[in-house]
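# Summary of the model geometry
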Amino acid sequence: MLSGIVHNDSPDSLLYPAAKQNQYNANLKKVSFMKAMVLERLCDLNENPAPLVLKELPKPVPAEHEILLKISACGVCHTELDEIEGRTPPPLFPIVLGHPVTGRVEALGSRAGQFQVGDRVGVAWIFRSCGHCKFCLAGKENLCVGFAATGRDAHGGYAQYMTVSAEFAYAIPAEFSDIQAAPLLCAGAIGYRSLYLTGIANGQRLGLTGFGASAHLVLKMARYRFPDSEIYVFARSEKERAFALELGAVWADKTTQAAPHKLDAIIDTTPAWEPVVEALANLESGGRLVINAIRKEGDRGSLMKLDYPQHLWQEKEIKSVANITRQDVRDFLALAANMQLQPTLQVFELEQANEALLELKMGKIRGAKVLKIA
Ligand SMILES: [Zn+2]
Ligand SMILES: [Zn+2]
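An account of the accompanying structure is given in this report. Because the structure is predicted, anything quoted here is derived from the model rather than measured.

Once that is clear, we can look at the overall build of the chain. Secondary structure assignment for the chain yields 10 helices and 18 strands. The C-alpha atoms of the chain give 21 Å as radius of gyration, which agrees with the globular expectation for 374 residues (21 Å, within 12%). Overall, the C-alpha framework of the chain stretches about 75 × 45 × 40 Å when taken along its three principal axes. Of the contacts made within the chain by residues no fewer than 6 positions apart, 74% connect residues no fewer than 24 positions apart. Accessible area of the chain: about 16,700 Å², with a carbon and sulfur share of 51%.

Here is the structure:
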């Protein structure tokens, strides 16, 4: 069942039908509306470059454990392309996409005590976990069997309002504006998880293949956490490579290029397979490749190039990054505030969501794209 959707029904299901009808009518009068960019069906962006439609939807009402958020900003993420094109499809339509969200608490359910009206909060990719499966109990709620994602399994932030469980919202450090904080909640937090999953120590060499919203934040984080580590960047566009060097990478070249040294760990944020194979060739013995991508697209033929001695022998490891935990988000926000991590931003209006997504699809990336909503 979708949460985060409009809750028009009276919570008191024991009302008599007539009373219930009156209550319903009274509720109807109270419904106010909001603007949202809505996805109504899966589609191929090559055929339909404007998949999201501007709609008026009823403003959601928080359930007892939820907060109602007046949204200020929502990050635009490559994951939306995977949702729109069906690689990780929303289970129900229409759906409001968007997961790194910031805003102000406008109303509270009766049991959402953690926050107060007016508080500045953020929402991340993790919308809900069950709390009692073996993964949740082991602190791995990112792997929860009932994991629900913001903006895929529940309405997200491409809108003026959303509801979310208060337990899945985060106070935003004063160091960041609402617009700055939005991409931190996805690209930053998942980048943080990717970086610690590499297991590297200060002084070891780190590679980044793909240089979008997450990788540019990882580069900044890595320079702060591992000041003696050299960072090597593989990126398809000249602009991305120049940007990486500007931010302190010691070397940047094409994805298919061999780095001048073998690298102890590499983080892959590309949507393709070729960079995975190329990265494995660049790994040092015992090195680890961390793949931070929810799905890979086409180009499976590249996997035919996998050569055991060149790419996997010598105890090379591959690990994917799946989702994030709430603790990742909290730890990362604290680190980001400490190091005054500033994402490089490209700001769009809510109504320009399709343009922002299309630019992502075409690989026009410099830093993080954000929708400014209020
Ligand atoms: Zn994301
Ligand atoms: Zn669980």
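To continue, consider the coordination of the zinc ion (ligand 2). Summarising the metal site, the zinc ion (ligand 2) is bound by the protein donors C130 (SG), C133 (SG), C136 (SG) and C144 (SG), whose distances to it range over 2.3 to 2.4 Å. Coordination at the zinc ion (ligand 2) comes from 4 donor atoms whose angles at the metal span 103 to 118°, giving a geometry best classed as tetrahedral. In terms of primary sequence, the donors binding the zinc ion (ligand 2) are separated according to C-x2-C-x2-C-x7-C. Take C133: its relative accessible area is 12%, and that puts it in the buried class.

Let us look at the packing of helix α5 (residues 213-225) against helix α9 (residues 326-338). Packed helices, taken two at a time, are described by their axes: the angle between them and the distance between them. Running from N to C, α5 and α9 cross one another at 70°; their axes reach a closest spacing of 11 Å. Classed by the angle they form, the pair α5 and α9 counts as roughly perpendicular. Taking contact as the criterion, the partners of M221, Y224 and R225 in α5 are, on α9, F332, L335 and N338. Taken together, the residues of the contact of α5 with α9 sort by class into 4 nonpolar, 1 polar and 1 charged.

Let's shift gears to the side chain of E240. Relative to the helices and strands, E240 is located in helix α6 (residues 238-246). Here E240 occupies a buried position and makes no salt bridge, while the nearest side chain of opposite charge, R236, is found at 4.9 Å.

Bringing the environment of L360 into the picture now. Looking at the element boundaries, L360 is found in helix α10 (residues 353-361). Sequence-wise, L360 and H78 are 282 residues apart; in three dimensions their C-alpha atoms are separated by 6.7 Å. For L360, the residues in contact, after removing those within four places along its chain, are V76, C77, H78, L81, I365 and K369.

The omega torsion of the bond from F93 to P94 falls at -5°, within 30 degrees of zero and hence cis. Along the chain, the position of P94 falls in the loop between α2 (78-84) and β4 (95-96). Look at E315: it is not a glycine, yet its phi comes out positive at around 60°. Within the secondary structure, E315 is located in the loop between α8 (308-312) and β16 (317-320). Backbone geometry places Q340, a non-glycine residue, at a positive phi of 50°. Relative to the elements of secondary structure, Q340 occurs in the loop between α9 and β17 (345-349). Using a relative accessible area of 54% as the deciding quantity, one classes Q340 as exposed.

Criteria and thresholds
- Residues numbered from 1 in each chain as written.
- Chains lettered and ligands numbered in written order.
- Predicted model: local features only at pLDDT ≥ 70, side-chain atom pairs only at ≥ 80, totals over all residues.
- Heavy atoms only, no water.
- Helix = DSSP H or I, 4+ residues; strand = E, 2+ residues; numbered from the N terminus.
- Rg over C-alpha atoms; globule rule 2.2 N^0.38 Å.
- Contact = heavy atoms within 4.5 Å.
- Areas by Shrake-Rupley, 256 points an atom, 1.4 Å probe, with all protein chains shown as cover.
- Donors = N, O, S within 2.8 Å, 3.2 Å for Na, K, Ca; no water.
- Tetrahedral: all angles 85-135°; square planar, octahedral: opposite > 155°, others 65-115°.
- Buried < 20%, exposed > 50% of the residue type's maximum accessible area, 1.4 Å probe, protein only.
- Axes fitted to C-alpha atoms, helices over the stretch in contact; angles between N-to-C directions.
- Parallel < 35°, antiparallel > 145°, perpendicular 65-115°, else oblique.
- Nonpolar A, V, L, I, M, F, W, Y, C, P; charged D, E, K, R; others polar.
- Lys, Arg positive; Asp, Glu negative; His and termini not counted.
- Salt bridge = Lys/Arg side-chain N within 4 Å of Asp/Glu carboxyl O.

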